[in-house]
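Chains, contacts and geometry: an overview
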Amino acid sequence: MGLRPRFKTPFTQARDKLLAYAVRPFLVFQPRTRFLIGCAILVTLTTLLLITDYSSGFNENYKEGEVLARDIVAPADISAVDEAETERRKTLAREATRPVFNFDSSRAETSVQSLRADWDDLTDQIAPDKNVTEADLDRLASIIREVGAGYIYDDNEAERLKQEIVLVDVRNPASEMIVPAPRTRMVSLSAARQNVELRIVNLPGWSAEEKNALIAALKPLIRPNVVLDQPNTAAAREAEANAVKPVVISLKRNQVIGREGDTITQNILSQINAIKNTGHDSRRWPYLFGLLVVVIAVYWAAWKFAEHRRSSALSISKQKAFALVGSAILVETALMKVGFTFGDSVTARMQAPLNDPVLWNFAIPFAAASLLVAMLVDTQLAFLTAMITALFAGMLAPSGMQQALFAMVSCSVAIYGIGRYRERQSVTLAGLLVGALNAVMAVALIAYSGEPITFKIFLMAVGCGIAGGLLTAVFAAGGLPINESLFGILTDVKLLELSNADLPVLGQLALRAPGTNQHSHAVGQLAEDASRAVGANPLLARIGALYHDIGKLAAPEYFVENQQGDNPHDRLRPNQSAKIITSHVTYGARLAKEIGLPQKIADFIPQHHGTRTLHYFLRKAEAQAKPGETVDEADFRYPGPKPQFKEAAIMMLADSCEAAARSLARPDPENIRAIVVKIVDAIISDGQLDQCDVTLQELTTIREAVISALTAIYHARIDYPGFNPPPTGPLPAGDLDSEERGISYSKPSEVPISRGGEVEDEALPRKVGNR
């Protein structure tokens with residue numbers, strides 16, 4: 001038999017191990033506890049995403065002098081600080097604060113001491129041949145004292161001295177003096193130095209060159225003695241600014257701030273900003289509590305809707321259905337949050353008319369979650385998703401009702417605008433359809449709001465609407481394969497992908513068990529026809545048939561359809577043969593889990609045999625038993641369970657009927673009908689269909705569909721004269737097509753059908769080349 005083939009790549013094995021390790025901590029909890037933890041996480045994340053500062057219901061950006069586009073009414077009682085007016089008053093207070101100047105009366109004497117210290121060097125430079133006396137020095141020192149004795153300020157401080165100042169004597173800091181009109185009482189530095197220059201020019205006994213040298217030497221000695229005290233001035237101004245009380249704007253609910261067409265004044269602008277900036281800071285905890293209760297109520301309603309849906313209407317359990325809807329809404333809410341934030345940031349940099357965030361919000365893919373649920377489950381759950389999406393869009397959007405209406409229409413088009421999801425391009429077609437309707441709705445909402453529709457606004461609205469549809473297709477297509485695997489949902493596209501003959505397990509089945517492979521395809525055709533007749537899922541039945549016998553890969557030669565003559569069961573004890581036959585179910589289930597086969601497909605493997613007994617092997621074991629030896633019937637029974645859904649029941653019937661019809665030497669309509677009726681009655685009598693929702697009327701329809709399909713498959717061949725050589729001897733009765741098919745059951749009554757309706761010709765001994 002060789003080594004067992006590998007059906008998983010190393011990457012897939014590593015991925016599965018990583019996922020198993022990630023979910024291991026949650027497996028310690030009971031399923032109900034895990035469900036509640038998931039709900040808590042879902043509610044918490046959704047609440048955090050829905051937190052917004054849009055308490056006013058609008059986010060227009062107005063400037064003073066513009067015209068109001070609509071009536072502005074206070075949505076609630078608002079008491080807010082007018083930040084602009086308060087800051088303006090603080091600025092005025094700072095500007096009105098008296099600057100603080102320091103006065104140093106010793107500055108002139110310090111300059112005189114500097115002159116005396118440098119006198120000898122100075123006279124050597126300016127008048128080396130002149131007989132300079134002490135009287136000359138005293139005369140110059142007197143000039144510096146007289147000029148420097150006044151209040152001298154730097155010319156750069158002239159502007160500050162136009163107002164009253166506080167003058168502080170540095171030699172007595174405790175004494176402060178308020179000086180009004182200081183420029184009239186003080187001298188600028190340039191004027192003081194000009195005074196020095198003038199007095200030196202009038203000195204007798206000095207030449208012009210010597211006087212110029214003296215002027216150059218003495219003018220720098222005249223320095224300001226009134227200097228701005230910047231730290232104390234800044235502190236005084238901030239103290240005055242902090243003393244200004246905040247300007248409070250008080251608005252009452254429904255108070256009209258301005259009407260459409262009014263020119264925006266500073267007062268109106270302040271009130272509008274108060275409404276916009278109110279937010280929820282003043283009522284943070286009540287707001288969060290209310291939002292949390294709203295989200296819990298919405299998800300509770302979604303859960304009750306999923307819970308009371310008919311189980312047959314859902315391809316997944318109610319817990320998985322709710323998890324799918326909840327996760328789709330959560331991701332959609334995140335997309336809307338990002339979209340609204342992006343729209344606000346873009347409009348802040350735009351000029352009119354592109355600075356309206358409503359235009360940019362038309363590009364948000366509101367319908368992505370609804371389209372995803374519609375293609376994965378059904379339209380009713382998708383419409384529930386659409387309603388919740390529209391509700392959350394209204395809570396997030398600055399123009400709540402308008403965006404909620406747009407989102408509702410967009411989602412409805414996505415849900416009801418496409419047919420079944422049978423090919424990947426269905427997502428693209430749905431996106432294009434959503435984009436087209438989005439464009440129409442965008443223009444309609446702009447017209448409804450009363451805004452003028454210019455050519456630029458029209459193009460912008462249409463472009464954003466189409467972009468929203470395309471983004472809907474992108475996000476829905478990206479989420480489809482993830483959610484198909486995560487929730488085990490079988491879409492038609494997923495089923496069609498599973499029918500690919502190049503898949504490893506199907507390829508191995510065709511290579512190692514060609515008879516079983518042929519049998520699976522034939523059963524798939526029967527099951528598909530029967531499912532279509534009773535309104536079941538024909539594609540699910542056909543794909544389930546391709547995999548229902550993959551367990552026979554473990555030992556294909558032990559099953560009659562793969563044998564070439566010799567029957568290996570002739571050399572085995574009956575209990576060994578029974579173990580090999582029934583193990584193809586348990587091995588098939590393990591193999592399905594290993595290759596990641598969807599659970600719905602994997603369910604066909606054990607359910608198509610149910611709990612039937614290998615009747616002929618059991619009787620063979622009882623016949624071979626020694627006196628007093630007891631044969632346990634459980635050793636000869638399939639593990640089950642019985643068919644749990646309609647397609648599995650059809651599979652059980654089709655599997656047994658195809659095997660029986662293939663065993664007939666003359667599969668004419670009468671024989672096929674007889675064998676099918678016998679098998680159906682046996683399966684019903686054995687109670688194998690007690691656990692699935694198949695009615696007697698549906699069983700009759702299934703039986704007739706199987707008979708018609710088998711009759712079409714095994715119709716008699718037409719004889720072509722000259723090409724069909726006559727037989728050399730008499731044909732045994734009922735030997736039609738026996739050469740090609742190796743079959744020897746000429747009558748339906750000869751086919752070994754157990755009480756459970758199974759064909760068990762593996763149990764019958766035969767010669768090589770004969771059944």
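If you're wondering where the values come from, they're calculated on a predicted model, not measured in any experiment. (Residues numbered from 1 in each chain as written. Predicted model: local features only at pLDDT ≥ 70, side-chain atom pairs only at ≥ 80, totals over all residues. Heavy atoms only, no water.)

**A word on the packing of aromatic side chains**
What the rule picks out here adds up to 11 aromatic pairs. With 5.9 Å between their ring centres and 55 degrees between their planes, phenylalanine 35 and phenylalanine 322 make a pair best called tilted. Linking phenylalanine 35 in helix α2 (residues 31-50) with phenylalanine 322 in helix α12 (residues 318-347), this pair joins segments that are 287 residues apart in sequence. We classify phenylalanine 35 as partly exposed; its relative accessible area is 23%. Owing to a relative accessible area of 5%, phenylalanine 322 belongs among the buried residues under this scheme. An angle of 50 degrees between the planes, with centres 6.3 Å apart, marks the rings of phenylalanine 340 and phenylalanine 366 as tilted. Here phenylalanine 366 lies in the loop between α13 (357-361) and α14 (368-376) and phenylalanine 340 lies in helix α12, a separation of 26 residues in the sequence. (Phe/Tyr/Trp six-rings, centres within 6.5 Å; stacked < 30°, edge-to-face > 60°. Helix = DSSP H or I, 4+ residues; strand = E, 2+ residues; numbered from the N terminus. Buried < 20%, exposed > 50% of the residue type's maximum accessible area, 1.4 Å probe, protein only.)

**A word on the nonpolar core**
With 69 residues, the main nonpolar core has Tyr299, Met336, Phe362, Phe366, Leu381 and Phe392 as its most contacted residues. Not counting the four nearest positions on each side in its chain, phenylalanine 392 is found in contact with Thr46, Leu50, Val298, Tyr299, Ile329, Thr333 and Met336. Ranked by size, the runner-up nonpolar core spans 64 residues in total, among them Ala541, Tyr714, Tyr745 and Ile753. (Core = buried A, V, L, I, M, F, W, Y, C linked by side-chain atoms within 4.5 Å. Contact = heavy atoms within 4.5 Å.)

**Considering α14**
One full turn of an α-helix is made of 3.6 residues, so residues set three or four places apart face in the same direction. Most of α14 is tucked away, with 9 of its 9 residues classed as buried. Regarding α14, the residues found buried are Ala368, Ala369, Ser370, Leu371, Leu372, Val373, Ala374, Met375 and Leu376. Residues of α14 that are buried sit in contact with α12, α15 (379-396), α16 (400-416), α17 (425-448) and α18 (455-487).

**Observations regarding the pairing of strand β5 (residues 165-169)**
For β5, the buried fraction is high: 4 of the 5 residues fall into the buried class. Bridging between β5 and strand β6 (residues 172-179) involves 5 bridges; their strand directions are antiparallel. When the sheet's bridge partners are listed, valine 168 is paired in β6 with glutamate 176. Here β5 folds back onto β6, and the loop between the two strands holds 2 residues. (Pairing = 2+ DSSP bridges.)

**What about the pattern of salt bridges?**
Applying the stated criterion across every chain, the model contains 27 salt bridges. A salt bridge links glutamate 157 to arginine 160, with the nearest nitrogen and oxygen atoms 3.1 Å apart. Between glutamate 704 and arginine 673 there is a salt bridge, with the nearest N and O atoms lying 2.9 Å from each other. Of this pair, glutamate 704 sits in helix α29 (residues 696-713) while arginine 673 sits in helix α28 (residues 669-685), and the two are 31 residues apart along the sequence. Residue class for glutamate 704 comes out partly exposed when judged on its relative accessible area of 26%. (Salt bridge = Lys/Arg side-chain N within 4 Å of Asp/Glu carboxyl O.)

**Some points on the environment of leucine 699**
Take leucine 699: it is sitting in helix α29. Leucine 699 sits in the buried class, given a relative accessible area of 6%. Separated by 15 residues in the primary sequence, leucine 699 and isoleucine 684 have C-alpha atoms spaced 9.4 Å apart. For leucine 699, the residues in contact, after removing those within four places along its chain, are Leu653, Ile684, Leu689 and Val694.

**What to know about the side chain of serine 531**
Following the sequence through the fold, serine 531 ends up in helix α21 (residues 514-534). Note on serine 531: relative accessible area 0%, which makes it buried.

**So, the packing of helix α20 (residues 504-512) against α21**
The interhelical angle for the contact between α20 and α21, taken along N-to-C directions, is 120 degrees, at an axis separation of 5 Å. In terms of orientation, α20 and α21 fall into the oblique class. Contacts from Leu509, Ala510, Leu511 and Arg512 of α20 reach α21 at Pro514, Thr516, Asn517 and Ser520. Each residue belonging to the contact of α20 with α21 can be placed in one class, and the counts come to 4 nonpolar, 3 polar and 1 charged. (Axes fitted to C-alpha atoms, helices over the stretch in contact; angles between N-to-C directions. Parallel < 35°, antiparallel > 145°, perpendicular 65-115°, else oblique. Nonpolar A, V, L, I, M, F, W, Y, C, P; charged D, E, K, R; others polar.)

**Here's the deal with the pairing of strand β9 (residues 248-251)**
Burial along β9 is one-sided: the residues Ile249 and Leu251 are buried and none of Val248 and Ser250 is. Alignment of strand β2 (residues 78-81) against β9, held across 4 bridges, turns out to be antiparallel. What sits directly across from valine 81, in β9, is valine 248.

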